[in-house]
Amino acid sequence: MNNSYEPKNIEKKWQTYWNDNNTNEPLDEDSPEGKSKEKKYILSMFPYPSGRIHMGHVRNYCLGDAFARHFRKNGFNVLHPIGWDSFGMPAENAAIKHKLHPKKWTYENIDYMRDELEGLGLSFSKTREFATSDELYSKWEQEFIIKMYEEGMLYQKSTTVNWCEDCHTVLANEQVEEGCCWRCDNEVELKEMPGYYIAITDYAQTLVDDLKTLEGKWPSKVLTMQENWIGRSEGLEFDFNLSAETKDKLNNKFDKYTVFTTRPDTIYGVTYSALAPEHSIVKYMIENNLLTPAKIELIKAMQKVGDRDRAMQDKEGVSLDIDVIHPLTGKKIPVWVANFVLVSYGGGAVMAVPAHDDRDFEFASKYKLDIKIVIDTKDGIINLEEAFTEPGILVDSDKFTDMKNEKAKKAIIYHFEQEGLGKKTINYKLRDWGVSRQRYWGAPIPFVHCDSCGLVPEKIENLPITLPEDVEITGEGNPLDTHPTWKNCACPKCGKDARRETDTLDTFVQSSWYFLRYATNPKHWKDKGIDKDNSNYWMDVDQYIGGIEHAILHLLYARFFTKALNKLGYTNSIEPFKNLLTQGMVLKDGAKMSKSKGNVVDPDAIVSKYGAETARLFMMFAAPPTKELEWNDSAVEGAYRFIRKFYEKSTSLNANEFSSIEVIVHSKLSKDEKLARRKVYEALVKSNEVMNKTYAFNTLIASCMEALNALSTQSNEQIWFEGYYIMSNILEPIIPHTCWEIANTLFDKKNFDNIIEVKDEVFVQDSIVIAITINGKKRGEIEVSPSATKDEILELAKQNENAKKWLDGKEIIKEIVVPKKLVNLVVKG
């Protein structure tokens, strides 16, 4: 063992050892030995192979590695895999920029990034690695898509979509930012297109209900975000019939439209109705020039803005100069187009009650529409300066007048149902998942268009449908659509000439089941997409780690896909991730690291200068894992110095002189020796808390630093041995190379084999230090026996030399003793 700390040599030595000995591979789950062991499945969200890892990757994967190493060391069969989320638009953009094929660019990046991750000493399974662009992965994904189609979980329809002309692809609402594409910043337009949709809305209620099973295991913020995104609401659904004049104006093409409200108690306060800019009536009026050019222009401008951005805009509207009939009063109600009405929710039409809804009030005030109060307080003191949204008593509401509004909700729904006017219903904001993308670098959707048979799934035995490699990526159009031969095929049903589907799958599909693929033994990969027995052993993922930015889309889709694959018989799992840890971003100079800001720190440079251990320790120490981490060069230096000190002090010990940590007789130790032991065992206790409960790795590292400092104040070699026996064990998940080197040299790694038990004797203190405060300010300290009485503590405090000068000539009017912490004396004079 070299006396000086040389991280490159130590790290290379142990990375080679781990690879040669398959240290990081799980036991075969099909074997008796594997089945008999309790498992832990630790998973960090897999990366997109962009070319180089960044500090966010380092933080994510070091966290996952700490969990994996801890549980592996404690006797669990650990699955800790890595792979590559490798389809997607960036590869096509790179192909255009660098004149490279997307496949070549992607797999070269994977090779480079794999070496970077290996250089960090991350204990990933090598045998379970795959890329989602692998043809074998696409084969099974295409099978799932066909099975979903056969079960009615996937369908094709034409609808208005967000279209980016530059990227030549459909965008989800979440991918439209301020009316522009999230990737290229090009203005997004609305376009009518056929596409494939997964019926995630069929699972909306289940997705809401099962959030309860994740309480206390997932961050409450994530659960709330998912619940809000699904957006379950109960209410009344009814029709607004068009007035006779309106029917004539619309050439009798429409006679009514449906609205949904969560506030049936306000039905008598409706003074206008509003339609989404994309509503079929609005489209008809535009197409047939039933509106002025100015109004048409305003509505088209609204249509170009995505749902999320509309919610942030000021309320805008256009009168359509048509009317509907109130279902209860028979009065005419004007109809407007409003930018706050979404075509994807509640049919794209709303009843508006400005007196009792903030949004409706703002709109009505702006356009000087009628406002009618139908809920009041008992004292009748409501004014029209703002909407009244509190509980109250119905007024001016026919037979429901004087009824409490909460009771009136049920009564009015019942009335609508009895009269055949409407019905109670449940609505969701969640929309079905559009999975079609008009791009090359993605998994081909396995369907064929036949003039005789219509839409036909490819035969399972013909899978995978692979991408042609003889394409040129120019950025214009979909190369699959323009390829001279690829889309030409025979119909799987009748054998006639047919056309292959040229859309590819949204990349969120790949990341929605990859964890189930890892949970399948690689020896089954060619024969099965998911091995159910293997899935039963490994699933659910015990600890999932990733960024909060994935709280909605990825995590929601993964939860849905698991439930869908469960229904299809591929897995018994219902929820994929038992526990979720969302790590904070890595910042520099107060901002997220990015090339455009010029504040990027290259992980390779840090590893080259200080070694992987320093990068790992800093990432775990600089902040709690869920908080943002501010890069600090001096703190990186500090991490390096601690590791060097930890290593170099161990080299002064002679392994031949170590026998067992059981030989220490605690009662015969000096004060400093006892303190050193206590600090070491405090770190051990902290380790158990951190790994199983708090995840606050920074506190564990701080405890180890305190322990090393305490050890340095004494010279008992057996205390040093015990300290290293324990600390090289509990720090192994964080700085594994150094700990393996120390543990191997001093203990032949035997301290990794057994769980180290906490010794209660070390926490029994001969004396404790108590602070003395006078009028709330600290004026001294006393050392007392843990069993000292209140009177004894007070007497010692009053006799303390530092405290005496603050007591001379003063009258003590109050004495407070906080056991084992402080004495507070209140004086006057």
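This write-up is about the structure you can find in this document.

Once that is clear, we can look at the overall build of the protein chain. A tally of regular secondary structure across the protein chain gives 28 helices and 32 strands. Dimensions of the protein chain, computed from C-alpha atoms along their principal axes, come out at roughly 100 × 80 × 50 Å. Counting all 829 residues of the protein chain, 55% fall into the buried class. The contacts of the protein chain with a sequence gap of at least 6 include a subset with a gap of at least 24, amounting to 72%. Counting only carbon and sulfur atoms, one obtains 47% of the accessible surface of the protein chain, whose full area is about 36900 Å².

One open sheet holds the four strands; their spatial order is S20-S19-S22-S21, and the pairing between them is antiparallel. Each edge of the open sheet is held by one strand with a lone partner, namely strand S20 (454–457) and strand S21 (488–490). Mean inter-strand twist for the sheet, computed between neighbouring axes without regard to direction, equals 45 degrees. With three bridges joining them, S21 and strand S22 (residues 497–500) adopt antiparallel strand pairing. From the neighbouring strand, Ala490 faces S22, where its bridge partner is Asp497.

With 91 residues, the main nonpolar core has Phe646 and Phe697 as its most contacted residues. Not counting chain neighbours up to four residues away, the residues in contact with Phe646 comprise Leu708, Tyr724, Met727, Ser728, Leu731, Ile735, Thr738, Cys739 and Ile742. The next biggest cluster of nonpolar side chains, apart from the first, holds 80 residues, and it includes Ile198, Val435, Leu505 and Ala564.

A few words on the sheet that holds strand S28 (residues 629–630). The sheet built from three strands is open, its strands ordered S27-S26-S28 with mixed pairing. Looking at strand neighbours, the two that pair on one side only are strand S27 (591–592) and S28, the edges of this open sheet. Here strand S26 (residues 586–588) pairs with S28 via two bridges, running parallel. Bridged to Val586 within S28 is Leu629.

This part covers the pattern of salt bridges. For the structure shown, the criterion picks out 46 salt bridges. Ionic pairing is found between Asp481 and Lys487, a salt bridge with its closest N-O pair at 3.6 Å. On the accessibility criterion, Asp481 (39% relative accessible area) is partly exposed. Beyond isolated ion pairs, a larger network of salt bridges with shared partners links Asp65, Arg69, Arg616 and Glu732.

Following the sequence through the fold, Thr773 ends up in strand S29 (residues 768–774). Not counting the four nearest positions on each side in its chain, Thr773 is found in contact with Lys778, Arg779, Leu822, Val823, Asn824 and Leu825.

Assignment of secondary structure puts Glu116 in helix H5 (residues 102–119). The buried charged residue Glu116 lacks any salt bridge, with Arg52 as its nearest oppositely charged partner at 4.5 Å. In this structure Glu116 touches Gly51, Arg52, Ile53 and Asp604, once residues within four positions along its chain are discounted.

Further remarks concern the environment of Asn252. With respect to the helices and strands, Asn252 occurs in the loop between helix H9 (244–249) and strand S9 (256–261). Asn252 gets classed as exposed once you look at its relative accessible area, which sits at 56%. Sequence-wise, Asn252 and Pro819 are 567 residues apart; in three dimensions their C-alpha atoms are separated by 85 Å.

Taken as a whole and judged by the stated rule, the model has 55 aromatic pairs. Look at Trp14 and Trp740: their rings are 5.5 Å apart centre to centre, the planes differ by 55 degrees, and that puts the pair in the tilted class. Taken together, the residues Trp14 in helix H1 (residues 7–20) and Trp740 in helix H26 (residues 736–747) connect sequence positions 726 residues apart. Side by side, Trp14 and Trp740 carry an identical accessibility label, which is buried.

We now examine the pairing of strand S1 (residues 39–44). As a general feature of sheets, a regular strand has side chains that alternate between the two faces. Among the six residues that make up S1, six are buried, leaving the element largely enclosed by the rest of the structure. Judged by which residues are buried, S1 turns out to be covered on both faces: Lys39, Tyr41 and Leu43 on one side and Lys40, Ile42 and Ser44 on the other are all buried. One ladder, built from three bridges, connects S1 with strand S2 (residues 77–79); its direction is parallel. The residue of S2 that forms the bridge with Lys39 is Asn77. You can see the chain leave S1, run along helix H3 (residues 55–73) and come back into S2, and the turn it takes is right-handed.

Now for the environment of Ser86. Relative to the helices and strands, Ser86 resides in the loop between S2 and helix H4 (89–98). With sequence-adjacent residues up to four places away left out, Ser86 is seen in contact with Tyr48, Pro49, Thr106, Ile110, Ala131, Thr132, Ser133 and Trp441. Among the polar contacts listed, one links the side chain of Ser86 to the side chain of Ser133, at a separation of 2.6 Å.

Below, the discussion takes up a negative patch on the surface. On the surface, Asp314, Asp358, Glu362, Glu385 and Glu386 cluster together to form a negatively charged patch. Checked against the element boundaries, Glu386 lands in the loop between strand S14 (375–376) and strand S15 (393–394).

Looking now at the packing of helix H23 (residues 671–694) against helix H25 (residues 717–730). The geometry of H23 relative to H25 is characterised by a closest axis approach of 10 Å and an angle of 15 degrees between their N-to-C directions. Overall, the two elements H23 and H25 adopt an arrangement that is roughly parallel. Once H23 is placed against H25, the crossing between them reads as left-handed. Residues Glu673, Ala676, Arg677, Val680, Tyr681, Ala683, Leu684 and Ser687 of H23 touch H25, and the partners they reach there are Ile719, Glu722, Gly723, Ile726 and Ile730. Grouping the amino acids of the contact of H23 with H25 by side-chain chemistry returns eight nonpolar, two polar and three charged.

So, on to the state of the cysteines. Under the counting rule described, the total for this entry stands at zero disulfides. As a non-bridged cysteine, Cys164 has Cys184 as the owner of its nearest cysteine sulfur, 3.4 Å distant. Cys181 forms no disulfide, and the closest cysteine sulfur to it belongs to Cys184, at a distance of 3.8 Å.

Parameters and conventions
- Residues numbered from 1 in each chain as written.
- Predicted model: local features only at pLDDT ≥ 70, side-chain atom pairs only at ≥ 80, totals over all residues.
- Heavy atoms only, no water.
- Helix = DSSP H or I, 4+ residues; strand = E, 2+ residues; numbered from the N terminus.
- Buried < 20%, exposed > 50% of the residue type's maximum accessible area, 1.4 Å probe, protein only.
- Contact = heavy atoms within 4.5 Å.
- Areas by Shrake-Rupley, 256 points an atom, 1.4 Å probe, with all protein chains shown as cover.
- Pairing = 2+ DSSP bridges.
- Axes fitted to C-alpha atoms, helices over the stretch in contact; angles between N-to-C directions.
- Core = buried A, V, L, I, M, F, W, Y, C linked by side-chain atoms within 4.5 Å.
- Salt bridge = Lys/Arg side-chain N within 4 Å of Asp/Glu carboxyl O.
- Lys, Arg positive; Asp, Glu negative; His and termini not counted.
- Phe/Tyr/Trp six-rings, centres within 6.5 Å; stacked < 30°, edge-to-face > 60°.
- Right-handed = clockwise from strand over helix to strand, strands pointing away.
- Polar contact = N/O pair within 3.5 Å; in protein donor to acceptor, adjacent residues only side chain to side chain.
- Patch = residues over 30% accessible without salt bridge, like charges linked within 9 Å, V, L, I, M, F, W, Y side chains within 5 Å.
- Charge placed at Lys NZ, Arg CZ, Asp CG, Glu CD.
- Parallel < 35°, antiparallel > 145°, perpendicular 65-115°, else oblique.
- Left-handed = near helix turned anticlockwise from the far one by under 90°.
- Nonpolar A, V, L, I, M, F, W, Y, C, P; charged D, E, K, R; others polar.
- Disulfide = S-S within 2.5 Å.

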